[in-house]
Structures are given as C-alpha cells and as structure tokens.
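Remarks on the overall topology
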Amino acid sequence: MNPNLPPVAPAVTAALVTALSPRLRKRLDAAAAKLAGRPVVRDGDTVRVAIDDDTDLELHAPGGTVTSTGAIRCGCLLAPDCLHRASAASAAPVAEPDAGDTEPVGAEPDGVAAPPEAAETATPQQCAAAGAVRGAAAAVLEAGVDGAGAVPQAELLRAAHTARIAGLPRIASAAVSVVTRLRAARSGDPAHRLADLVEALRELLGPAHRVPHAAGPELAAVRGTARQPYSPDGSLRLYGLFSEPVLTASGHAGAVTWTADADGRLHTVSDVLPGGPGRATGAADRSVRIGDTALTHRELSRAGLAVSGATVSPTGRLGAGAGVRAVRASGASWTGEPLDRLWSVPVADQAARALATGDGLLFLDVTLTGTVRESGGDCLLADCDGLTIRLTAAHDHPALPYRDNLRLLAAAPGLRLRVVVRLDPAPHARARLLALSHPTDPETRLDAGLDRLQRADLPTSGLPAGPAAPLAASDDAPLHLLHRRVQQAVSGGRRVVALPSTVPADTHRLRRAGLATAADLLADLHARAATRDRDAFGRLLPTDPVHFAHAWLAAATYTAEVERALCAAAWGTDVPE
C-alpha cells in the first residue's frame, strides 16, 4: 500500500478489479506491489504516478478522495482496459465509507436512507447484503493474509458498498477496516498488529452473522449509524491534557488533543486527514479547527479553551460548526485543580470506566521497576499502588518517538512518573503510554508520541529503589492454546489450521484446566478446517468457507470475552455490562 496515493472509494476499487479479464486478475497483486513503489507527484487535487519514462497514471481526488472510476486515468495504449488503473486503486488507501462527522443531529450521508426506527426485523435487502459480506469475509479468512490479495479484497469492498447502500453502515465500515488492515499486513507496515486484524474480522463477521436473526434494539446495534450526531452542549471551560499523533493503516494522519472540563468529562479536538508520517508529526503544530482560536494542538494540550455554542458527539469530540465560538484560556497543571482529580480516582474504577466507554484512558501515578521481554520486544514494567503494569508503545512506526522514549525510560528504574495511558486489553495489566510528566520536572508534561526524550532529561542520581518486578506470567496459559489457533487462521488461512497438530493434546489440557468450552471450540475449529466431504463417486468436494468462518467466529468471540474478563480481573474490577 502506498500512503502517498489519495484514498479510493471501495466501490471504485471493486468496479475496476471486476472489469479485469481473468488473465489480468492473476497479475494484479504483482502489479499493485510494483506500482506502490513508484514515485508520486501531487498537484492540487491530482496525483500523478510515473508508470515508466513515457506513461503517467493520474488520480483525481477532489476533496481528497477518488470517488469514481473515471477519476483514475492512464496514458498507456491499453487504457482504459489496462491493469494500471486497478493496480492504483488496489495500492491506494481505502476511503472510509461516509468518512467524517456531521454537525446536524441525526444527519445521514447522501445515498443512505436511515431505516425507520420502528423496523422490527432486517429487510430482505439488508439480509442479502449481510450475506454477501459474510461470504466475502469468509473467503478472506479461508485464504489467510498471504492468500487474500487484491481480488478477494475487491470482493469484500464490493460487499461493503452493497452493505452501505442497504443501510448497514457498521458492517460497511468494518469491511473497509478489514481490507485496510489486510493491506497493512501484506505490505509489512510497521503499524500492523495481527491482533488488530483478528479483532477487525470478528467485528465484521459477528454483526453480519446476526443481521438476519436480529430484531429491535439488537438490529439497531448491528446496523449502526452512518455518522456521529452532534448535540448542543452550551458553554464549556476546557483544560488541555495531552496530544497524540494519529497514523492509520488507511492512509490517514494527524493529531488528537484531549481536554477535560471541571467535572472531569473528556473532550477531544481532532485534525485527521489523508496523509502519512509527515502529517502525523506535523499536525500538532497546526491550529485547532474550532472557533477563531489560533492555538495549535501542542499549545492546547498545555493551555485551556473557553467554548460557547459547543456541540459534542457521543464520544466527546467537539464540533467545529459555524455557531461555535472558542477563545484561549488559562490551562492547569496535572497536579492542580481540576485535572488532579483525574489521578485521584481508584485504578479499578478507572479501568471499569475505560472498558465500558471504549476510550481506554487511565490516569496513573507509577514507579518504573524494569523491563520484561515479550514476543514483540521489551516492554516497561511499572508499579501502581502494588499493581504491576506493562507499559508499551502506542504506535510502532519509527517516525513516532513512542518506542525510543520507552527504551530511554527503561534505563531509570525507580523513577516516579505521572502518566496517561490507554488500557490494552490483555489477561494481565497492560497499557500503552501516551503522555508523562517530565522525569526531572513533574510540572512539565510530555507527549510520548510527539516529544522525544533525551538522556539528559533523566535524573543522574538519587532515584529511589523501585519495588522488585515480579516474574511475568507465561504467555502460554491454557486459553492461549485456543487464542493462537484463532490468530493462525487469520494469518495462514484454513489450510494451516487443518494441518496435523497438537489439537488432541491441547484440548485435553484445556479440559484439565476447566476450560471445557474452549476445548470444544478448538476441536470444532480444527475439524471444520480439516474435514472434506466427498460426492457419490468419492471425489473431494470444495470446502465451505462460511462453515469454517462460523467455527472461527465462535472461537474468536469466546476468546475475546474470556480475555475481557481476565483483563478486568487483572485491573481489580468487574466486567462491565
């Protein structure tokens, strides 16, 4: 994937790939990979890619997104029936369906009719669309990351477009997310995490499976909403907390600044547009897009904001409509009112809120105790009132200083810090470091993804002895036996799960540990992957991807729910309803 190309609407990619002959489809993956490495020149709304010395490919993206097949033009002799146009669409980031929010409450994007509130069951069109998504997603799961090239991706994008037209925006968005993460995995993007792709597939297959059977509130939940509505919230007095860079696999980048009001409610101001690492590191120095304020994101994270006529989305995002007025105001330190009260809330209560709301933010006072090695590299250990927490990088891209800052902090065991972290669901207490107090000046705050620590920032002596770091729990806990099969199915496809393996021994170990349901799910997943029916003449019949996907979804859902319960227990709280 080439993040320098403009995002392309899912329907455009699907149409261009479908129009290719079978011979050209076989060459599409190689052509897309080759084109992804070609130089890109941007001229206003037009992006040009040099195919060779004599041929250019143009992508016209008014508003930043390619929205029609005619907006991708090639100068080769075979155009418009050439391979280059489909290659460009397959190498470009996928545009989010109906990306962005809208100010008016309840507004719907063009072309998407909001289903009536009184609808009790899904329409035939919605059931058919959900079935198409389920089949396309099952084919991706059947093939695994290595086998899910441009053609299976285009089929899933086509199904996503159908789901959007049918009024299933949640499923459409989830399908685009799967394709985006697939491309990141196949291109070796450092931001790729297999766990994120597994979760994206689960979030796609689950609602798609439920649509034909859901009714009432459940149907409304799996159907989702196309855009977040904004509601009036009067006047707000906000205090900056921190800023974090945003760099997504979909080719979007920017910054989000978090603020809090006097009651501790969190609000965000964001600036995320198509772009790459350069935009992620530079957006913090751009002015926030709210009212007439000239504050940059970096400045707002340390200052304050007085807002009148405020509009706020359900997730706390501040609207920037014409009626909103905002002026700079004084900020507050993390140790002063009203921000200090965020750190006074017990850790268990914070974890319960983070798991329930989804923002995941925790405000902690910690003492660094050392490091522990994991499969993805070392992570930092910290003590928080007797609870050992693993602190990890919020993003692994080398352009962002998260990982380097963690390495430097690892050299200062015993250092006491006030931090903002995002809870990372795991069977142990684990979180991603977002912001921290300065190691030698507690009144100064640092954004872990924007500010780069230097060795001179660390205290040279006088650190108290930190509590001894306990031995890390083994990652090969019994539940992991099922979890790794779920991940293997996504990375390697059905054939990897079907290989002769230790499944009998693993199911026995799970039953011995009291995880009988996990043992049954593991046995069923392996059986559906390995079993092939035969016809009346003894010939093997084609596999049924949907049959296998159903077994995978059951295993993935069970694993996610058990891990959520273990995560809550690790933080000393109950599983939120």
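Residues numbered from 1 in each chain as written. Predicted model: local features only at pLDDT ≥ 70, side-chain atom pairs only at ≥ 80, totals over all residues. Heavy atoms only, no water.

A look at the environment of Leu 510
The criterion, for reference: A run of H or I in DSSP becomes a helix once it reaches four residues, and a run of E becomes a strand once it reaches two; helices and strands are each numbered from the N terminus. Residues are treated as being in contact if the distance between any of their heavy atoms lies within 4.5 Å.
Along the chain, Leu 510 turns up in helix H17 (residues 503-512). Along the chain, Leu 510 and Leu 266 lie 244 residues apart, while their C-alpha atoms are 42 Å from each other. Ignoring anything within four residues of it in the chain, the contact list for Leu 510 reads Pro 478, Leu 479, Leu 481, Leu 515, Ala 516, Ala 518, Ala 519 and Leu 522.

What about the environment of Pro 545?
Within the secondary structure, Pro 545 sits in helix H19 (residues 545-570). Sequence-wise, Pro 545 and Glu 142 are 403 residues apart; in three dimensions their C-alpha atoms are separated by 5.8 Å. Dropping the residues within four chain positions of it, Pro 545 is found in contact with Ala 138, Ala 139 and Glu 142.

Examining the pattern of salt bridges
Spelled out, the test is: By definition, a salt bridge exists where a carboxyl oxygen of Asp or Glu is found within 4 Å of a side-chain nitrogen of Lys or Arg.
Scanning the entire structure with this criterion turns up 29 salt bridges. Between Glu 337 and Arg 341 there is a salt bridge, and its shortest N-O distance comes to 2.8 Å. The partner of Arg 430 in a salt bridge is Asp 424, with the nearest N and O atoms 3.3 Å apart. Salt bridges here are not isolated pairs; linked through shared partners, they connect Asp 285, Arg 298, Arg 302, Asp 447 and Asp 451.

Concerning the packing of aromatic side chains
Selection rule: We call Phe, Tyr and Trp rings a pair once their centres come within 6.5 Å, taking the six-membered ring for Trp, and we label the pair stacked below 30 degrees between planes, edge-to-face above 60, and tilted otherwise. Buried, partly exposed and exposed residues are distinguished by accessible area as a fraction of the type maximum, computed with a 1.4 Å probe on protein chains only: under 20%, between the cut-offs, and over 50%, respectively.
Going through the model one piece at a time under the given rule, you end up with three aromatic pairs. Relative to Trp 343, the ring of Trp 334 lies with its centre 5.0 Å away and its plane at 35 degrees, an arrangement referred to as tilted. For the pair Trp 334 and Trp 343, one class covers both residues: buried. With centroids separated by 5.1 Å and ring planes inclined at 70 degrees, the aromatic side chains of Trp 343 and Phe 363 adopt a geometry described as edge-to-face. Placement of the pair is Trp 343 in helix H12 (residues 340-344) and Phe 363 in strand S10 (residues 361-374), with a sequence separation of 20 residues.

What to know about helix H13 (residues 347-357)
Heads up, the condition is: In this context, the arc is that of the directions from the helix axis out to the C-beta atoms.
Taken residue by residue, H13 has Val 347, Gln 350, Ala 351, Ala 354 and Leu 355 as its buried positions. The buried side chains of H13 occupy one side of the element, clustering within an arc of 130 degrees when seen end-on. Gly 358 lies just past H13 and shows a positive phi near 90 degrees.

Focus: the sheet that holds strand S6 (residues 252-260)
The cut-off we apply is this: Pairing between two strands requires that DSSP report at least two bridges joining them. Comment: axis = line fitted to C-alpha atoms, over the contacting stretch for helices; angle = value between 0 and 180 degrees taken between N-to-C directions.
If you walk across this open sheet you meet the five strands as S7-S6-S5-S8-S9, and the pairing is antiparallel. In this open sheet, the two edge strands, each paired with only one partner strand, are strand S7 (266-274) and strand S9 (325-329). Neighbour-to-neighbour, the strand axes of the sheet open up by a mean angle of 35 degrees, direction not taken into account. Direction of pairing for S6 relative to S7: antiparallel, over a ladder of nine bridges. Within S7, the position partnered with Thr 257 by the bridge is Val 269.

Brief notes about a negative patch on the surface
What counts, and what does not: Nonpolar side chains (Val, Leu, Ile, Met, Phe, Trp, Tyr) within 5 Å and like charges within 9 Å form the patches, drawn only from residues with over 30% relative accessible area and no salt bridge. Areas reported here follow the Shrake-Rupley algorithm with a probe of radius 1.4 Å; residue values treat only the protein chains shown as occluding. Charge convention: Lys and Arg are scored as positive, Asp and Glu as negative, and His as well as the terminal groups of each chain are ignored. Note that the charge is assigned to NZ on lysines, CZ on arginines, CG on aspartates and CD on glutamates.
Where like charges cluster on the molecular surface, the negative patch consists of Asp 52, Asp 53, Asp 54 and Asp 56. Counting through the fold element by element, Asp 52 comes out in the loop between strand S2 (46-50) and strand S3 (56-60). When its relative accessible area of 37% is taken as the criterion, Asp 52 is described as partly exposed.

Thoughts on the sheet that holds strand S1 (residues 40-43)
On the basis of which strands lie adjacent, the open sheet formed by four strands has the order S1-S2-S3-S4 and antiparallel pairing. Only two strands of the sheet have a single partner each, and these edge strands are S1 and strand S4 (72-74). For this sheet, the mean angle separating the axes of adjacent strands, direction not counted, is 20 degrees. Most of the contacts of helix H4 (residues 83-91) go to S4, to which it runs at about 140 degrees, and overall it touches S3 and S4.

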